[in-house]
Amino acid sequence: MNAIQPITVGFIGLGNMGSGMTRNLQLAGFSLVVNDIRRESAVELLAGGARWADTPAEVAASSDVVITMLPTPRHVDAVLHGPRGILAGLADGGTWIDMSTSVPEVADRVRSENAARGLRILDAPVSGMSVGAASGMLQIFVGGDADDVARLRPVFEAMGDPERILHVGAAGAGYAVKLMINQLWFSHLVATAEVLSIGVKAGVDLEVLRQSLIASPANSNFVQNDVLSILDHGDYDEGFAIALACKDLGLSVDLARSVGVPAELSGLVEQIYRRAKAQYGDRAGEMMPVKLYEDLTGIPLRREPSPAAEHASSEVFA
C-alpha cells in the first residue's frame, strides 16, 4: 500500500486534531471519505475532493481503511455500534485504526464480538498536539499486528514524522503508551509549577532558577522547552482543553487500577487538574494548573524578554 495506489481512507472526527490529519492525508494523495457531527468542519476537505458520508457505516462501506479520531472512549464506542455504526458498514477482513486517546476495552469488545469476521484493528494514538497534526509531524504509537503496521505505514507517514512512528507492541499497547506519556507530562507540569513558584517566592530570579534546574539532574524537556509558552507568552495552551486533559488523566488512573498498580501520584495530579478545571472552566488550556500556583503566590511566572529568550521561544513553537 502507498499513496499513489487508489486507496480510500475513511476518517471520522474532524476536530482540532482530525482536521490537520485529514488535510495531510489529502495532500499525500489519499482519497477521503469523512464524517463528523459538524458537517461544516469538512468544507475545506470537500473542496479538495473528499466525499461526505452521512453515517459512520457509510464511511466504512466506502473506504479501504477507517480511522477514528474522537475525544473519548465513549465517542469511539458510539460510532462503532448500531445500524449506523462503523461495524455495520465495514466489510469482513476490513481495517479499523483508532487514533483517539482511549483504552483497550473498546477495541477488545469489537474483537471479541466480531472474532469470525477477520477484522484488522490497530490502536495508534498520537502526540504532537494540533500543531503537529497540521504540520504532518505527529508522533504515532501503534499497537497491533506487525504485518498490519507495515502495510499501513504509508497512511501513518502521511500524518506523522516517519522517524517517530513506533510499533510499540500488540493490540492495546499504543493506548497504554500514549496514556503513560500524557500522565508523565502532566506530572512534569505540576511539579515544575510547584518548584518554580516556591523558588521565586523564596526570592530566586525565575530564569536563574530555571537555568539551574536545566544544569542539574532535575532537568526535563518540560523545564527546558514546554514551560516557555507560559514564561514568555502567558500561553496556557488553549489548543488542548483542560477538560480533555482531565479525561486523559482519568483514563490513566483507570488503566493503573485495571492492571493492579497503585497510582498515588497520578491520582494527586489528576485532582490538581480537576481543581484547575473547576476554577477556570472546561475550555481553559491544559497548562492552567500552573496558574493555580501563580494565583496562590500572587506572582505570575514570567521571565524578562531577551534575545536569547525570544530565540528559545521560537524553537518551541517551530
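From a predicted model like this one, the values you see are computed outputs, not experimental measurements.

### Examining the pairing of strand β8 (residues 138-143)
Of all six residues in β8, five are buried, a share of seventy percent or more. Here strand β7 (residues 126-127) pairs with β8 via two bridges, running antiparallel. Residue Val126 lies in a different strand from β8, and its bridge partner there is Ile140. Pairing of β8 with strand β9 (residues 160-169) involves five bridges; the strand directions are parallel. By the bridge assignment, Val142 is partnered in β9 with His167.

### A word on the pairing of strand β4 (residues 65-68)
Residues in a regular strand project their side chains so that they alternate between the two faces of the sheet. Alternating residues of β4 divide into Val65 and Ile67 and Val66 and Thr68, and every residue in both groups is buried. Across four bridges, strand β1 (residues 8-12) lies against β4 in parallel orientation. Across the sheet, the residue bridging to Phe11 is Ile67, located in β4. Pairing geometry for β4 and strand β5 (residues 95-98), over four bridges, is parallel. Within the sheet, the bridge partner assigned to Val65 lies in β5 and is Thr95.

### Some points on helix α10 (residues 173-201)
Under the 1.5 Å per step criterion, the end-to-end length of α10 is 42 Å for 29 residues, consistent within 8% with the ideal 42 Å. Phi turns positive, to about 105 degrees, at Gly203, one or two residues after α10.

### Description of the pattern of salt bridges
For the coordinates displayed, the defined rule picks out 19 salt bridges. The salt bridge involving Arg274 is made with Glu270; its shortest N-O contact spans 3.0 Å. Taken together, the positions of Arg274 and Glu270, both in helix α15 (residues 264-280) and four residues apart, correspond to about one turn of that helix. Assessed through its relative accessible area of 30%, Arg274 is described here as partly exposed. Residues joined in a network through salt bridges with shared partners are Arg120, Asp145, Asp148 and Arg151.

### Some points on the confidence of the model for the protein chain
Averaged over every residue, the pLDDT of the protein chain is 93; the share at 70 or more is 94%. Note on residues 308-318: pLDDT is under 50 here. Beyond four places in sequence and across chains, it has 14 contacts.

### Description of the side chain of Ser197
Position of Ser197 among the secondary structure elements: in helix α10. A relative accessible area of 4% places Ser197 in the buried class. The contacts of Ser197, once residues within four sequence positions are left out, are Tyr293, Glu294, Thr297 and Leu301.

### Some thoughts on the nonpolar core
Core analysis: the largest hydrophobic core is formed by 33 residues, its most contacted members being Leu25, Ile67, Met99 and Phe156. Contributions of two or more residues to this core are made by β1, α1 (16-27), β2 (31-35), β4, β8 and α9 (153-159). The contacts of Met99, once residues within four sequence positions are left out, are Met21, Ile67, Thr68, Met69, Ala124, Pro125, Val126, Ile140, Phe156 and Met159. Formed by 32 residues, the second largest nonpolar core is a distinct cluster that contains Leu189, Val200, Ile242 and Met288.

### Some points on the packing of α15 against helix α16 (residues 289-297)
Relative orientation of the contacting elements α15 and α16 amounts to 75 degrees, with a least axis distance of 8 Å. Relative to α16, the element α15 lies roughly perpendicular. Facing Ile272, Tyr273, Arg275, Ala276, Gln279 and Tyr280 of α15, the residues of α16 in contact are Pro289, Lys291, Leu292, Tyr293 and Asp295. Here the contact of α15 with α16 is composed, by residue class, of seven nonpolar, one polar and three charged.

### Regarding α1
Residues that lie three or four places apart on an α-helix share one face, since the helix turns once every 3.6 residues. Compared with the 16 Å implied by 1.5 Å per residue over 12 residues, the 18 Å span of α1 between its first and last C-alpha is a close match. Looking one or two residues past α1, Gly29 carries a phi angle of roughly 100 degrees, positive in sign.

### Digging into the layout of surface pockets
Leftover empty space is mapped by rolling, across the atoms, a probe with the size of a water molecule. Of the voids in this model, the second largest pocket is the one considered here, and its volume is about 170 Å³. If you trace the second largest pocket, you find it lined by Val110, Arg111, Asn114, Ala115, Gly118, Leu119, Arg120, Ile121, Gly144, Asp145, Asp148 and Ala171. Contributions of two or more residues to the lining of the second largest pocket are made by α6 (104-113) and β6 (120-123). In the lining of the second largest pocket, the residues fall into five nonpolar, three polar and four charged.

Calculation rules
Residues numbered from 1 in each chain as written. Predicted model: local features only at pLDDT ≥ 70, side-chain atom pairs only at ≥ 80, totals over all residues. Heavy atoms only, no water. Buried < 20%, exposed > 50% of the residue type's maximum accessible area, 1.4 Å probe, protein only. Helix = DSSP H or I, 4+ residues; strand = E, 2+ residues; numbered from the N terminus. Pairing = 2+ DSSP bridges. Expected span 1.5 Å × (residues − 1). Salt bridge = Lys/Arg side-chain N within 4 Å of Asp/Glu carboxyl O. pLDDT = per-residue confidence, 0-100. Contact = heavy atoms within 4.5 Å. Core = buried A, V, L, I, M, F, W, Y, C linked by side-chain atoms within 4.5 Å. Axes fitted to C-alpha atoms, helices over the stretch in contact; angles between N-to-C directions. Parallel < 35°, antiparallel > 145°, perpendicular 65-115°, else oblique. Nonpolar A, V, L, I, M, F, W, Y, C, P; charged D, E, K, R; others polar. 1 Å grid on protein atoms, 1.4 Å probe; cavity = no way out; pocket = protein on both sides within 12 Å on 5 of 7 lines; lining within 4 Å. Points joined across faces, edges and corners; volume = space filled by probe spheres on them.

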